[in-house]
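# Chains, contacts and geometry: an overview
Now for the letters of each chain:
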Amino acid sequence: MYINTMGHYIPEIRITNDYFESVNGLTPDWILQRTGINSRSKAAPGEDANTMGLAAVENAVRDLPYDIKDVDLIIASCYTAYDTVATLAHVVQREYDIPDAKVFYMSAACSSFINGVEVIEAFFKAGMASKALLICSEHNTYYSNESDPKSGHLWGDAAVACFLSAEPVGPNDLKVEGIYTEGLGNVGKGPGGVRLRPKEDGIAMPDGRDVFIHACRYMIHSLRHSLEKADLSINDLNKIICHQANKRIVAQVAHQLELPADSFLNNIEELGNTGSASAALVLSQNIDSFKKGDRVALTVFGGGYSCGSLIVNF
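Residues numbered from 1 in each chain as written. Predicted model: local features only at pLDDT ≥ 70, side-chain atom pairs only at ≥ 80, totals over all residues. Heavy atoms only, no water.

## Some points on the overall build of the chain
Note the cut-off: A run of H or I in DSSP counts as a helix once it spans at least four residues, and a run of E counts as a strand once it spans at least two, with each numbered from the N terminus. Just to be clear, the radius of gyration here is over C-alpha atoms, and the globule rule we use is 2.2 Å times residues to the power 0.38. We call a residue buried when its accessible area falls under 20% of the maximum for its residue type, exposed when it is over 50%, and partly exposed in between, using a 1.4 Å probe and counting protein chains only. In what follows, a contact means two residues having at least one pair of non-hydrogen atoms within 4.5 Å. Every accessible area reported is derived by Shrake-Rupley at a probe size of 1.4 Å, with residue values counting cover from the shown protein chains alone. Counted as positive: Lys and Arg. Counted as negative: Asp and Glu. His and the chain ends are not counted at all. Each charge is placed at NZ for Lys, CZ for Arg, CG for Asp and CD for Glu.
Across its full length, the chain holds 10 helices and 13 strands. A compact globule built from 314 residues should have a C-alpha radius of gyration of about 20 Å, and the chain, at 18 Å, falls within 12% of that. Each principal axis of the C-alpha distribution contributes one length, and for the chain these read about 50 × 45 × 35 Å. Here the chain holds 314 residues, and 57% of them are scored as buried. Within the chain, contacts between residues separated by at least 24 positions form 77% of all contacts whose residues are at least 6 apart in sequence. When the accessible area of the chain is evaluated, it comes to approximately 13100 Å², of which 47% is carbon and sulfur surface. Of the side-chain charges in the chain, 26 are positive and 38 negative, and the distance between the mean point of each set is 5 Å.

## Some details on the side chain of Gln244
Test applied: Residues adjacent in sequence count toward polar contacts only when both atoms are side-chain atoms; beyond that, a polar contact is any pair of N or O atoms within 3.5 Å, and within protein one must be able to donate a hydrogen and the other to accept it.
In this structure, Gln244 sits in the loop between strand 11 (239-242) and helix 8 (247-257). The class for Gln244 is buried, based on a relative accessible area of 1%. Reaching out from Gln244, the side chain makes a polar contact with the backbone nitrogen of Asn267 at a distance of 2.9 Å. When residues no more than four places from it in sequence are discounted, the contact partners of Gln244 are Val250, Leu265, Asn266, Asn267, Ile268, Gly272, Asn273, Thr274, Ser278 and Val282.

## As for the packing of aromatic side chains
Our working rule: We call Phe, Tyr and Trp rings a pair once their centres come within 6.5 Å, taking the six-membered ring for Trp, and we label the pair stacked below 30 degrees between planes, edge-to-face above 60, and tilted otherwise.
Tallied over the entire structure, the rule returns 5 aromatic pairs. Plain terms: the ring middles of Tyr19 and Phe20 are 5.1 Å apart, the flat faces sit at 85 degrees to each other, and that makes the pair edge-to-face. Ring geometry for Phe301 and Tyr305: centres 4.9 Å apart, planes at 50 degrees, overall tilted. Accessibility classification places Phe301 together with Tyr305 in one group, the buried group.

## Here we look at the pattern of salt bridges
Using the following cut-off: Should a side-chain nitrogen of Lys or Arg be within 4 Å of a carboxyl oxygen of Asp or Glu, the pair is scored as a salt bridge.
Counted under the stated rule, the structure contains 8 salt bridges. Here Glu121 ties to Lys125 by a salt bridge, and the two come within 3.8 Å at their closest N and O atoms. With a gap of 4 residues between them, Glu121 and Lys125 both fall in helix 5 (residues 112-125), about one helical turn apart. For Lys125, a relative accessible area of 68% gives the class exposed. In this structure, Lys291 engages Asp294 in a salt bridge whose closest nitrogen and oxygen atoms are separated by 3.3 Å.

## What to know about the sheet that holds strand 8 (residues 174-183)
Worth spelling out the cut-off: Note: two strands are recorded as paired if DSSP finds a minimum of 2 bridges between them. For helices, the fitted line uses only the C-alpha atoms of the stretch in contact; every axis is such a line through C-alpha atoms, and the angle between N-to-C directions lies from 0 to 180 degrees.
Pairing in this open sheet of 9 strands is mixed, and the strands run 5-4-6-7-1-8-13-12-11 from one edge to the other. Only two strands of the sheet have a single partner each, and these edge strands are strand 5 (102-106) and strand 11. Neighbouring strand axes in the sheet, compared pairwise and without regard to direction, differ in orientation by 20 degrees on average. Here strand 11 pairs with strand 12 (residues 295-302) via 4 bridges, running parallel. Residue pairing for strand 12: Cys242 is matched across the bridge by Thr299. Set on the sheet, helix 3 (residues 49-61) makes contact with strand 1 (2-9), strand 6 (131-139) and strand 7 (157-165); between it and strand 7 the angle comes to about 45 degrees.

## Topic: unusual backbone geometry
In this model, Gly304 is joined to Tyr305 through a cis peptide bond whose omega is -10 degrees. Inspection of the secondary structure puts Tyr305 in the loop between strand 12 and strand 13 (306-313). At Ala109, a position not held by glycine, the phi torsion is positive, near 55 degrees. Of note, Glu258 is a non-glycine position whose phi angle comes to about 60 degrees, a positive value. For Glu258, the location among the structural elements is in the loop between helix 8 and helix 9 (268-271).

## Structural notes on the pairing of strand 6
With 9 of its 9 residues buried, strand 6 lies for the most part within the structure. Where burial is concerned, the two faces of strand 6 agree: the one with Lys131, Leu133, Ile135, Ser137 and His139 and the one with Ala132, Leu134, Cys136 and Glu138 are both buried. Sheet topology places strand 4 (residues 73-77) next to strand 6; 4 bridges connect them, and they run parallel. When the bridges of strand 6 are listed, Ala76 appears paired with Ile135. Pairing between strand 6 and strand 7: 9 bridges, direction antiparallel. Opposite His139, over in strand 7, you have Asp157 as the bridge partner.

So, in structure tokens, the structure goes:
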């Protein structure tokens, strides 16, 4: 399976740590030390998960080596959907008038991107599709309760789009291998660790410590499974991109893997936790900085819980 092109959209607005001192009582230094976040992206009035997703697709399609109408599978894979009936995937199909495609929405919280890639791989292997579009778009700030001192200051907004094919189709295709995902609803706080209940308290993280412990453990767990599936070792990787939930989690993963901090790419300092888009967003932002022969691993952990990893070969 191959990545043909990627694109992303990040809102221009930034909410700095100073904002939260009068909102939830947390000082800027406390937020930075505990999360690694200096600011977070915020969708402007009139923007939503659909508009950001469409903008990410528009950013990606410019370098697509085939007609977008050749896409026969479109998946919106995220958790802050603007509409769960008329989904982002259907909106994209209509915007680009893509006929005869399978189109649906799925979610595995912050691991949704890698779960989506795995579903696409299964469609490809079954011969049910040959070219796919995966979109992750998170409008976290629409649902977040900023006065919540546990997690109200974490969330950012962004979208990423990824075109994939079963076979190579262009000179800049990136091979994807070692895809591994696992549901962890039976682990720790499981479904209660992170939740989104729009009519109650929005997006919330009642037990951040439990999330922290299991995120560190299972991002490493899934990464090791990916490396084993691809017959690679940790030393074969040029960079690792973790889900951008907390920079201390990334530091702990680096410590446990005995790797230097510069082995990891991050954007959480500026953008906050952009949910399912976050790891793929870091890849899209840095995709031009890699050279032929480089290998980059994405490893993620999602509320619910779930984990996943994959390896991208340049």
